[in-house]
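Structural overview for review
Take a look at the letters that make up each chain.
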Amino acid sequence: NAGVTQTPKFQVLKTGQSMTLQCAQDMNHNSMYWYRQDPGMGLRLIYYSASEGTTDKGEVPNGYNVSRLNKREFSLRLESAAPSQTSVYFCASRLTAFIDNQPQHFGDGTRLSIL
Amino acid sequence: GQQVMQIPQYQHVQEGEDFTTYCNSSTTLSNIQWYKQRPGGHPVFLIQLVKSGEVKKQKRLTFQFGEAKKNSSLHITATQTTDVGTYFCAVYSGGGADGLTFGKGTHLIIQP
């Protein structure tokens, strides 16, 4: 049981390049999330998908797009990478959205550097 | 959405000493979750507190939820090197949005 799998684990981009971060979960969860983690800032929500076919903005959505490809997969795309997007990106999932008493399960993260 | 302030940002302790991190909100929380992140790792769920004044224990870890449900704490007794990491409190955003709002975390550094 892999849980939440993120690819790639590391990536270096040049300013202006595009890339898609992949996330897949095998726990039959309905809800999936993308966070970024910067030093001293904790984790901040970028986008989430409460269920297959829906996506919504979080706290810091600018510069990102997402796709909920199916129930298992939720991708994050940077169309034109900027140095300010250098961060560690975590994907997470949980069984059902909008029910407070459920934990989130996190992937191992993607460490992204933009030069 | 709801926000939480977490203190201290860093805590250095000698191995065997106790450690406490605090999480505070200006609004009443429906519940609060705690996560641990090891260096280079990902956040891992520890526990959820729901009831006013609730106290839960996991071995050397004690979690408390305030009577007014505006604050919470995590206390570790007799720290060990395996406790090293960052401890986060987190609450669901509310206001019609989903997703967790995290405190900035407390980094626990243990000196042997």
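Description of the structure in this document. What you see is a predicted model, and the numbers here were worked out from it, not measured in a lab. (Residues numbered from 1 in each chain as written. Chains lettered and ligands numbered in written order. Predicted model: local features only at pLDDT ≥ 70, side-chain atom pairs only at ≥ 80, totals over all residues. Heavy atoms only, no water.)

Let us look at the overall build of chain A. Along chain A, the regular secondary structure elements total zero helices and eleven strands. Along the chain direction, N to C, the helices and strands of chain A fall in the order β-β-β-β-β-β-β-β-β-β-β. On C-alpha atoms alone, chain A measures out to a radius of gyration of 13 Å, which is about the 13 Å that the 2.2 N^0.38 rule sets for 115 residues. Projected onto the principal axes, the alpha-carbon positions of chain A cover approximately 40 × 25 × 25 Å. The buried share of chain A, taken over its 115 residues, is 48%. For chain A, the share of sequence-separated contacts (at least 6 apart) that also reach a separation of at least 24 residues comes to 57%. A total accessible area of about 5200 Å² is found for chain A, and carbon and sulfur atoms account for 50% of it. Of note, chain A has its 11 positive side-chain charges centred 5 Å away from the centre of its 9 negative side-chain charges. (Helix = DSSP H or I, 4+ residues; strand = E, 2+ residues; numbered from the N terminus. Rg over C-alpha atoms; globule rule 2.2 N^0.38 Å. Buried < 20%, exposed > 50% of the residue type's maximum accessible area, 1.4 Å probe, protein only. Contact = heavy atoms within 4.5 Å. Areas by Shrake-Rupley, 256 points an atom, 1.4 Å probe, with all protein chains shown as cover. Lys, Arg positive; Asp, Glu negative; His and termini not counted. Charge placed at Lys NZ, Arg CZ, Asp CG, Glu CD.)

Time to look at the layout of surface pockets. A volume near 540 Å³ is recorded for the largest pocket. As for the largest pocket, its lining consists of 24 residues, and the residues nearest its centre are Glu59(A), Gln2(B), Gln3(B), Thr101(B) and Phe102(B). The set of elements that each furnish at least two residues to the lining of the largest pocket consists of strand 5 (42-49) of chain A together with strand 1 (5-7), strand 9 (85-94) and strand 10 (97-102) of chain B. Residues that form the lining of the largest pocket fall into these classes: ten nonpolar, nine polar and five charged. Its boundaries defined by the atoms lining it, the second largest pocket holds a volume of some 370 Å³. Lining the second largest pocket are 25 residues; nearest its centre among them are Gln37(A), Gln37(B), Thr86(B), Phe88(B) and His107(B). Secondary structure elements with two or more residues in the lining of the second largest pocket: strand 4 (31-38) and strand 9 (87-94) of chain A together with strand 9 and strand 11 (106-111) of chain B. Class assignment for the residues of the lining of the second largest pocket results in ten nonpolar, eleven polar and four charged. (1 Å grid on protein atoms, 1.4 Å probe; cavity = no way out; pocket = protein on both sides within 12 Å on 5 of 7 lines; lining within 4 Å. Points joined across faces, edges and corners; volume = space filled by probe spheres on them. Nonpolar A, V, L, I, M, F, W, Y, C, P; charged D, E, K, R; others polar.)

All right, on to the pattern of salt bridges then. Tallied over the full model, the rule gives seven salt bridges over all chains. Between Asp38(A) and Arg44(A) there is a salt bridge whose closest N-O contact spans 2.8 Å. For Asp38(A), a relative accessible area of 10% puts it in the buried group. In this structure Arg44(A) comes out as buried when scored by relative accessible area, which is 17%. The salt bridge involving Glu54(B) is made with Lys56(B); its shortest N-O contact spans 3.7 Å. Overall, the relative accessible area of 14% leaves Glu54(B) in the buried class. (Salt bridge = Lys/Arg side-chain N within 4 Å of Asp/Glu carboxyl O.)

As a further point, take the sheet that holds strand 3 (residues 19-24) of chain B. All names here are of chain B. The strand order 1-3-8-7-6 describes an open sheet built from five strands, whose pairing is antiparallel. Unpaired on one side and paired on the other, strand 1 and strand 6 (55-58) mark the two borders of the sheet. The sheet shows a mean angle of 15° between the axes of neighbouring strands, taken without regard to direction. Pairing of strand 1 with strand 3, which is carried by three bridges, proceeds in the antiparallel orientation. (Pairing = 2+ DSSP bridges. Axes fitted to C-alpha atoms, helices over the stretch in contact; angles between N-to-C directions.)

Turning our eyes to something else, we now look at the interface of chain A and chain B. In this complex, chain A contributes 22 residues to the contact, which on the side of chain B involves 22 residues. With both sides pooled, the region where chain A packs onto chain B buries about 1800 Å², and carbon together with sulfur makes up 52% of that total. For the chain A face of the interface with chain B, the top three residues by lost area are Leu43(A), Asp100(A) and Phe106(A), together amounting to 29%. Counting every contact that joins chain A to chain B gives one salt bridge. Summed over the shared surface of chain A and chain B, the number is eleven residue pairs in polar contact (both at pLDDT 80 or more). The greatest single-element share of the side of chain A that touches chain B, amounting to four residues, is contributed by strand 5 of chain A. (Buried area = accessible area lost by both parts, 1.4 Å probe. Polar contact = N/O pair within 3.5 Å; in protein donor to acceptor, adjacent residues only side chain to side chain.)

For any pair of aromatic rings, the description rests on two quantities: the centre-to-centre distance and the angle between the ring planes. All names here are of chain A. Applying the stated rule across the entire model yields twelve aromatic pairs over all chains. Considering the side-chain rings of tyrosine 33 and tyrosine 48, the 6.2 Å spacing of their centres and the 25° angle between planes classify their relative orientation as stacked. One end of the pair, tyrosine 33, is in strand 4; the other, tyrosine 48, is in strand 5, and 15 residues separate them in sequence. With relative accessibility at 0%, the residue tyrosine 33 sits in the buried group. (Phe/Tyr/Trp six-rings, centres within 6.5 Å; stacked < 30°, edge-to-face > 60°.)

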